[in-house]
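What follows is the residue order along each chain.
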Amino acid sequence: DVHIKLRPDLAPQHVERITKLADSGFYDGVVFHRVIDGFMAQGGDPTGTGMSGSKEPNLPAEFSREPHVRGVCSMARTNDPNSANSQFFICLDDATFLDGQYTVWGEVTEGMENVDALPKGEPPRNPGKIVKARSEA
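A brief report on the enclosed structure follows. (Residues numbered from 1 in each chain as written. Predicted model: local features only at pLDDT ≥ 70, side-chain atom pairs only at ≥ 80, totals over all residues. Heavy atoms only, no water.)

It is worth spelling out the sheet that holds strand β3 (residues 40–43) at this point. Adjacent strands of a sheet form backbone hydrogen bonds with each other and so pair up, either parallel or antiparallel. Strand order in the open sheet formed by six strands is β1-β6-β4-β5-β3-β2, with antiparallel pairing between adjacent strands. Of all the strands in the sheet, the pair left with one neighbour each is β1 (3–6) and β2 (32–36). Strand after strand, the sheet turns through a mean of 25° between neighbouring axes, direction not considered. Two strands pair when backbone bridges link them, and β2 and β3 are joined in this way by four bridges, in the antiparallel orientation. (Pairing = 2+ DSSP bridges. Helix = DSSP H or I, 4+ residues; strand = E, 2+ residues; numbered from the N terminus. Axes fitted to C-alpha atoms, helices over the stretch in contact; angles between N-to-C directions.)

Applying the stated criterion to the full structure yields six aromatic pairs. Directly above the ring of Tyr-102 sits Arg-77, whose terminal nitrogen or CZ lies 4.4 Å from the centroid. (Phe/Tyr/Trp six-rings, centres within 6.5 Å; stacked < 30°, edge-to-face > 60°. Lys NZ or Arg CZ within 6 Å of the ring centre and 35° of its normal.)

Topologically, Asp-45 is positioned in the loop between β3 and β4 (72–75). For the buried residue Asp-45, which engages in no salt bridge, the nearest side chain bearing the opposite charge is Lys-55, 11 Å off. Within polar-contact distance, the side chain of Asp-45 engages the backbone nitrogen of Gly-50 at 2.5 Å. Among the polar contacts listed, one links the side chain of Asp-45 to the backbone nitrogen of Met-51, at a separation of 2.9 Å. Each residue touching Asp-45, except ones within four places of it in the same chain, is listed here: Val-30, His-33, Gly-50, Met-51, Ser-52, Gly-53 and Gln-87. (Buried < 20%, exposed > 50% of the residue type's maximum accessible area, 1.4 Å probe, protein only. Lys, Arg positive; Asp, Glu negative; His and termini not counted. Salt bridge = Lys/Arg side-chain N within 4 Å of Asp/Glu carboxyl O. Polar contact = N/O pair within 3.5 Å; in protein donor to acceptor, adjacent residues only side chain to side chain. Contact = heavy atoms within 4.5 Å.)

Across the two faces of β3 the burial is the same, with Met-40 and Gln-42 and Ala-41 and Gly-43 all buried. Between β2 and β3, which follow one another and run antiparallel, lie three residues, and Gly-38 among them has a positive phi close to 80°. Alignment of β3 against strand β5 (residues 88–91), held across four bridges, turns out to be antiparallel. Bridge pairing in β5 links Gln-42 to Phe-89.

By size, the foremost hydrophobic cluster in this structure holds 23 residues, and its most contacted members are Tyr-27, Phe-32, Phe-88, Ile-90, Trp-105 and Val-115. In terms of residues, this core owes the most to one element, helix α1 (residues 12–24), which gives four residues. Each residue touching Ile-90, except ones within four places of it in the same chain, is listed here: Phe-39, Met-40, Ala-41, Gly-71, Val-72, Cys-73, Val-108, Met-112 and Val-115. Counting ten residues, the second largest nonpolar core, distinct from the first, contains Leu-10, Met-40, Val-72 and Cys-91. (Core = buried A, V, L, I, M, F, W, Y, C linked by side-chain atoms within 4.5 Å.)

A separate point is α1. Taking 1.5 Å of rise per residue, the 13 residues of α1 would be expected to cover 18 Å, and the 18 Å separating its terminal C-alpha atoms lies within 8% of that figure. Within α1, burial applies to His-14, Val-15, Arg-17, Ile-18, Leu-21 and Ala-22. All buried residues of α1 lie within an arc of 160° about the axis, which places them on one face of the element. What points out from α1, more than 90 degrees from its buried face, is the exposed set Glu-16 and Ser-24. Looking at the residues trailing α1, positive phi occurs at Gly-25, about 90°. (Expected span 1.5 Å × (residues − 1). Arc of directions from axis to C-beta.)

Okay, the environment of Tyr-27 next. Its place among the elements puts Tyr-27 in the loop between α1 and β2. Assessed through its relative accessible area of 3%, Tyr-27 is described here as buried. Taking C-alpha positions, Tyr-27 is 17 Å from Pro-57, a pair spaced 30 residues apart along the chain. Apart from the residues within four sequence positions on either side, Tyr-27 is in contact with Ile-18, Leu-21, Ala-22, Gly-44, Ser-86, Phe-88, Ile-130 and Ala-133. At 2.8 Å, the side chain of Tyr-27 and the backbone oxygen of Ser-86 are in polar contact.

Shape is all these values report; function is a separate question.
Here it is in structure tokens:
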């Protein structure tokens, strides 16, 4: 299990999106398609390619001063700052060069060893996947 503390104080629209997608079962079975050792693990694309997202509209950026450090959960996006949708990444190590450019929406509070254990690669040969994702009230 991996437990993530949501941060609506930093990114209310992104937390709402992540919660909606998780509770609908959207993330269940979705792979981590890009896992770079010492950097981050990225998932949230239902096609597993890194080229897709949900049917929901893209979100406007909610950048903050929160640093991208080990365990931080942030939204992936294209070059357009307002293109976050369903893909996200979890920092495996400090990546403060991303600060102010990506929307931080949570932080891992338990189970970081399971994130660390994800198979590495772009894409991994046998990618790790989200078995089930749900929010807790």
